[in-house]
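If you want the building blocks of each chain, they are given just below.
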Amino acid sequence: MKILVTGGAGYIGSVTVERLADDGHTVVVFDNLERGHREAVDPRARLIVGDLRNPDAILDAMRAVRPDAVIHFAALALVGESMEQPELYFHNNVVGGFHLAEAMRKVGVRRIIFSSTCATYGIPDQVPITEDTPQRPANPYGESKLQFERMLRWYEIIHKLEPVFLRYFNACGATERLGEDHDPETHLIPNVLRVALGQSDAVPIFGHDYPTPDGTCIRDYIHVLDLADAHVRALETPHLGPYNLGNGQGFSVLEVIETARAVTGHPIPTRIAPRRLGDPPVLVADATRARTQLGWTPKCPDLHTIVQDAWNWHRAHPHGYAGSKRR
Ligand code: UFG
């Protein structure tokens, strides 16, 4: 197939592009390189540098490429930033998404695999979270993702688009060549590994008085390779979803740090810090639907493997991708 991948220079996007190229697909990446990395784009893919906020840029790309399907990663994805500058999130994620949907409609491209998030559920009443859990986002990031899901639903009904929503839980891990390089980095595993690399003194633990067994937040960590696999399966599925993507097993912040100590052999000192605004205590997926309808089975569910893969990448790339806009 010929696939247009928006955000293919980002973390999950670049790993999915690598997988698509391995599978023999023709891949065109559309990315503004604002937060992604040119070095992360697989050399087998063509890169169009463009911005979804510019409707002509994505329409021109859609007309030139005429893909069989779109996989849409390009978005801003920092919860904290979204609480300070919601306008960035509605502009990039909703307005940008609208321009993408319009370009698809005008060119007649139907299938779109959309990177959605467990943040669309907000603080759920019960876990594990099924796809039928009410979506009540607790921050503009989650809200922006939900708004684009809703927009696509109407495009499905009225314009016959075929959207598949993949709601990720906590993406992590790496391939040999590709890993997580955000600026600023807010995610737990890279920040823990940064301490092991000697780049910071201690990991802040954001809250140790949550209603969980050890008082720290519990998350469902899912390997980026398993996320990429779900995208490939979503390309041709007759079942449009939505799909939660997680392992269905939760680990606390302390358990992640303990695993990283075992993997790296570093003591990884910690310090207790205040709770982070809007952090739900427990987020764990019920991914039964993805397993049964997409035939998706995570191949790297083991936390030790996940942290080991991330560690291998961070050790090989202690300052992320060369030429990244690191401050
Ligand atoms: N944490 C720390 N110290 C750190 C970094 C994180 O204690 O230095 C804690 C967080 O408070 C949280 C857990 O580790 O309890 C995981 O935090 P991450 O930032 O790694 O991931 P989040 O669960 O906050 O974020 C993920 C996705 C978001 C998504 C969100 C939904 O990365 O895109 O889940 O809540 F919106």
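Keep in mind that what you see is a predicted model, and the values were worked out from it rather than measured. (Residues numbered from 1 in each chain as written. Predicted model: local features only at pLDDT ≥ 70, side-chain atom pairs only at ≥ 80, totals over all residues. Heavy atoms only, no water.)

### Some words on the pattern of salt bridges
Just so we agree on the cut-off: Salt bridges, as used here, are contacts in which a Lys or Arg side-chain nitrogen is within 4 Å of a carboxyl oxygen on Asp or Glu. Strands here mean DSSP runs of E at least two residues long; helices mean DSSP runs of H or I at least four residues long; both are numbered from the N terminus. When accessible area is computed with a 1.4 Å probe and restricted to protein chains, residues below 20% of their type maximum are described as buried, those above 50% as exposed, and intermediate ones as partly exposed.
A complete count under the given rule lists 20 salt bridges for this structure. Residue Arg-35 is joined to Glu-81 by a salt bridge in which the shortest nitrogen-to-oxygen separation is 2.8 Å. Here Arg-35, found in the loop between strand E2 (26-31) and strand E3 (46-49), pairs with Glu-81, found in helix H3 (residues 79-84); they are 46 residues apart in sequence, far enough to count as distant. Its relative accessible area of 17% is what places Glu-81 among the buried residues. As a salt-bridge pair, Arg-111 and Glu-162 come within 3.0 Å of each other at their nearest N and O atoms. Of this pair, Arg-111 sits in strand E5 (residues 111-117) while Glu-162 sits in strand E6 (residues 162-168), and the two are 51 residues apart along the sequence. Classification of Arg-111 by relative accessible area gives buried; the value is 9%. Within this structure, Glu-18, Asp-22, Asp-42, Arg-44 and Arg-177 form a network of salt bridges that share partners.

### Some thoughts on the domain arrangement of the protein
By a widely used convention, the size of an interface equals the accessible area lost when the partners come together. For the record, the criterion: Note that the domain bounds were set by an automatic or database domain assignment. Summed over both partners, buried area is the accessible surface (1.4 Å probe) that two parts give up on being assembled.
Examined at the domain level, the protein breaks down into domain 1 (2-172 + 222-245) and domain 2 (188-219 + 249-326). Placing a centre on the C-alpha atoms of domain 1 and another on those of domain 2 gives a separation of 23 Å. Here domain 1 packs against domain 2, burying approximately 2700 Å² in sum over the two surfaces, 64% of which is carbon and sulfur. Per-residue buried area on domain 1 facing domain 2 is highest for His-223, Asp-226 and Arg-233; these three make up 19% of the total on that side.

### A short note on the sheet that holds E3
To keep it simple, the criterion reads: For two strands to pair, DSSP has to find at least two bridges joining them. As a rule, the C-alpha atoms of each element are fitted with a line to give its axis, helices using only the stretch in contact, and angles between N-to-C directions run from 0 to 180 degrees.
The strand order across the open sheet formed by seven strands is E3-E2-E1-E4-E5-E6-E11, and the pairing between neighbours is parallel. Taken across any chain shown, the strands that pair with only one partner, and hence form the sheet edges, are E3 and strand E11 (243-245). With strand direction ignored, the average angle separating the axes of adjacent strands in the sheet is 20 degrees. Pairing of strand E4 (residues 69-72) with E5 involves four bridges; the strand directions are parallel.

### Notes on the environment of Asn-92
Within the secondary structure, Asn-92 sits in helix H4 (residues 86-107). Here the alpha-carbon distance between Asn-92 and Arg-110, two residues 18 residues apart in the chain, equals 21 Å.

### Points about the site of the ligand
Just so we agree on the cut-off: Proximity criterion: a residue is near a molecule or strand once any of its heavy atoms comes within 4 Å of it. In the analysis that follows, any N or O atom pair within 3.5 Å is treated as a polar contact, provided that within protein one partner can donate a hydrogen and the other can accept it, and provided that, for residues neighboring in sequence, both atoms belong to side chains. Note on areas: Shrake-Rupley with a 1.4 Å probe; residue coverage comes only from the protein chains shown.
Every one of the 20 residues lining the ligand counts as a neighbour, but Leu-188, Pro-204, Arg-219, Arg-276 and Asp-279 are closest to it. Interatomic distance of 2.7 Å between a backbone N/O atom of Pro-204 and a nitrogen atom of the ligand. Taking Asp-279, its side chain carries an N or O atom lying 2.5 Å from an oxygen atom of the ligand. Contact with the protein chains covers 92% of the free accessible surface of the ligand, which is 680 Å². Of all the secondary-structure elements, those providing two or more residues to the shell around the ligand are helix H6 (188-196) and strand E8 (203-206).

### Describing the environment of Pro-318
Just so we agree on the cut-off: Should any heavy atoms of two residues lie within 4.5 Å, those residues are considered in contact.
Structurally, Pro-318 can be placed in the segment after helix H10 (303-316). When the C-alpha atoms of Pro-318 and Gly-198 are compared, they prove to be 9.9 Å apart, with 120 residues separating the residues in sequence. Not counting chain neighbours up to four residues away, the residues in contact with Pro-318 comprise Leu-197 and Gln-199.

### Concerning a nonpolar patch on the surface
For clarity, the threshold we go by: Within this analysis, patches are made of residues with over 30% relative accessible area and no salt bridge. Like charges are joined at 9 Å or less; nonpolar side chains (Val, Leu, Ile, Met, Phe, Trp, Tyr) at 5 Å or less.
On the surface, a nonpolar cluster with roughly 280 Å² of combined accessible area is contributed by Val-79, Met-83 and Leu-277. Checked against the element boundaries, Leu-277 lands in the loop between strand E13 (270-273) and helix H9 (288-293).

### A few points about the pairing of E6
Rules: Assignment of crossover handedness uses the view with strands pointing away from the viewer, where a clockwise path from the first strand over the helix to the second indicates a right-handed crossover.
Burial within E6 is extensive, with six of its seven residues counted as buried. Direction of pairing for E5 relative to E6: parallel, over a ladder of seven bridges. Considered in E6, the bridge of Ile-113 is made with Val-164. As a crossover connection, the stretch from E5 through helix H5 (residues 140-159) into E6 is right-handed.

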